[in-house]
Amino acid sequence: MVKLEQFFGVDLSKREYDLTSFIRSVGLEKEIQQHASTQALEKQFGEGNRVVQISKRQVILKSLRTLLGNKFLPYDSIFYRKECNTSSDSDRRYGAEEKLLQFSLMIASGKSLHQIEIEKFKPDIQYLREQSAKPDKLLNKLEGIMSEDTRADILAFKKKKKGGEGDDEKDKKSSFWQRLFS
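Residues numbered from 1 in each chain as written. Predicted model: local features only at pLDDT ≥ 70, side-chain atom pairs only at ≥ 80, totals over all residues. Heavy atoms only, no water.

*Asks:* Just to check I follow, could you spell out the side chain of glutamine 53 for this structure?
*Replies:* Tracing the chain through its elements places glutamine 53 in helix H4 (residues 50–63). Contact partners of glutamine 53, with chain neighbours within four places excluded, come to Leu19, Glu47 and Gly48. (Helix = DSSP H or I, 4+ residues; strand = E, 2+ residues; numbered from the N terminus. Contact = heavy atoms within 4.5 Å.)

*Asks:* For this particular structure, what's the right way to read the packing of helix H3 (residues 36–45) against H4?
*Replies:* The packing of two helices is summarised by the inter-axis angle and the distance between the axes. Where H3 meets H4, the closest approach of the two axes is 9 Å, and the angle between their N-to-C directions is 165°. In terms of their interaxial angle, H3 and H4 are classed as roughly antiparallel. You can see that H3 and H4 cross each other, and the crossing is left-handed. Facing H3, whose interface residues are Thr38, Leu41, Glu42 and Phe45, H4 presents Val51, Val52, Ser55, Lys56 and Val59. For the contact of H3 with H4, a count of residues per class yields five nonpolar, two polar and two charged. (Axes fitted to C-alpha atoms, helices over the stretch in contact; angles between N-to-C directions. Parallel < 35°, antiparallel > 145°, perpendicular 65-115°, else oblique. Left-handed = near helix turned anticlockwise from the far one by under 90°. Nonpolar A, V, L, I, M, F, W, Y, C, P; charged D, E, K, R; others polar.)

*Asks:* Would you mind showing me how to read the pattern of salt bridges here?
*Replies:* Opposite charge on two side chains lets them pair, provided their charged atoms get close. With the rule as written, the count across this model stands at 12 salt bridges. With its nearest N and O atoms 3.2 Å apart, the salt bridge here joins lysine 14 to aspartate 18. The class for lysine 14 is partly exposed, based on a relative accessible area of 34%. Residue class for aspartate 18 comes out partly exposed when judged on its relative accessible area of 29%. For glutamate 119, the salt bridge identified is with lysine 111, shortest N-O distance 3.0 Å. By relative accessible area, lysine 111 is classed as partly exposed at 22%. (Salt bridge = Lys/Arg side-chain N within 4 Å of Asp/Glu carboxyl O. Buried < 20%, exposed > 50% of the residue type's maximum accessible area, 1.4 Å probe, protein only.)

*Asks:* Help me understand the nonpolar core, please; the structure alone is not making it clear to me.
*Replies:* Within soluble globular proteins, side chains that are nonpolar tend to cluster in buried spots. Counting 38 residues, the largest nonpolar core has Ile60, Leu64, Leu68 and Phe103 as its most contacted members. No other element matches the eight residues that helix H6 (residues 89–109) contributes to this core. When residues no more than four places from it in sequence are discounted, the contact partners of phenylalanine 103 are Phe7, Leu12, Phe22, Val26, Leu28, Ile60 and Leu64. (Core = buried A, V, L, I, M, F, W, Y, C linked by side-chain atoms within 4.5 Å.)

*Asks:* Whenever I open this one, the packing of aromatic side chains confuses me. Can you help?
*Replies:* Aromatic ring pairs: the centre-centre distance and the angle between the two ring planes describe each pair. If you walk through the whole model with that rule in mind, you get four aromatic pairs. Above the face of the phenylalanine 8 ring, arginine 92 is positioned so that its terminal group lies 4.0 Å from the ring centre. A cation sits over an aromatic face here: arginine 129 above tyrosine 94, 3.8 Å from the ring centre. (Phe/Tyr/Trp six-rings, centres within 6.5 Å; stacked < 30°, edge-to-face > 60°. Lys NZ or Arg CZ within 6 Å of the ring centre and 35° of its normal.)

*Asks:* What is the right way to look at the environment of aspartate 11 in this model?
*Replies:* The residue aspartate 11 is located in the segment before helix H1 (19–26) in this model. Judged by its relative accessible area of 55%, aspartate 11 is exposed. Sequence separation between aspartate 11 and valine 26 is 15 residues, and the spatial gap between their C-alpha atoms is 9.2 Å. Among the polar contacts made by the side chain of aspartate 11, one reaches the side chain of serine 13 at a distance of 2.5 Å. (Polar contact = N/O pair within 3.5 Å; in protein donor to acceptor, adjacent residues only side chain to side chain.)

Rendered as structure tokens:
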């Protein structure tokens, strides 16, 4: 089970979006390795395939569901300008929450933190922090961002898989994809 402390001090400053390194940086490799659908996709299409990457992103967001369902500390604009006291429980928690939100936004959007900051991507971390006050709002928002980012790829993949299969085979495959992407 993923813990908030895992995110304290995590370096998310890579300029390029590298899902594998982000997964490794927060210790989520085990969750990915234990997910049967993702592993089956990886064996079938290879690790770099877009659908495999989308599946991994979905597994990660599901793994973070418990953490993202908790209420976060309120947004503190001073936190970003002051020298943080890492021995303070409050500062450590705020810092870990900040990294969790950044990581979650990166996973949902498919962009590096550098790209998110340059594009002034909305919603921002302040908005996400405010959403945590309402149960499931934060997670729903992140899932919505990911759905928007991946919709075209998933539809193209489903369309490609639909062509050329017999009805029995198509039914088996579609039920697999419905479970995976629902």
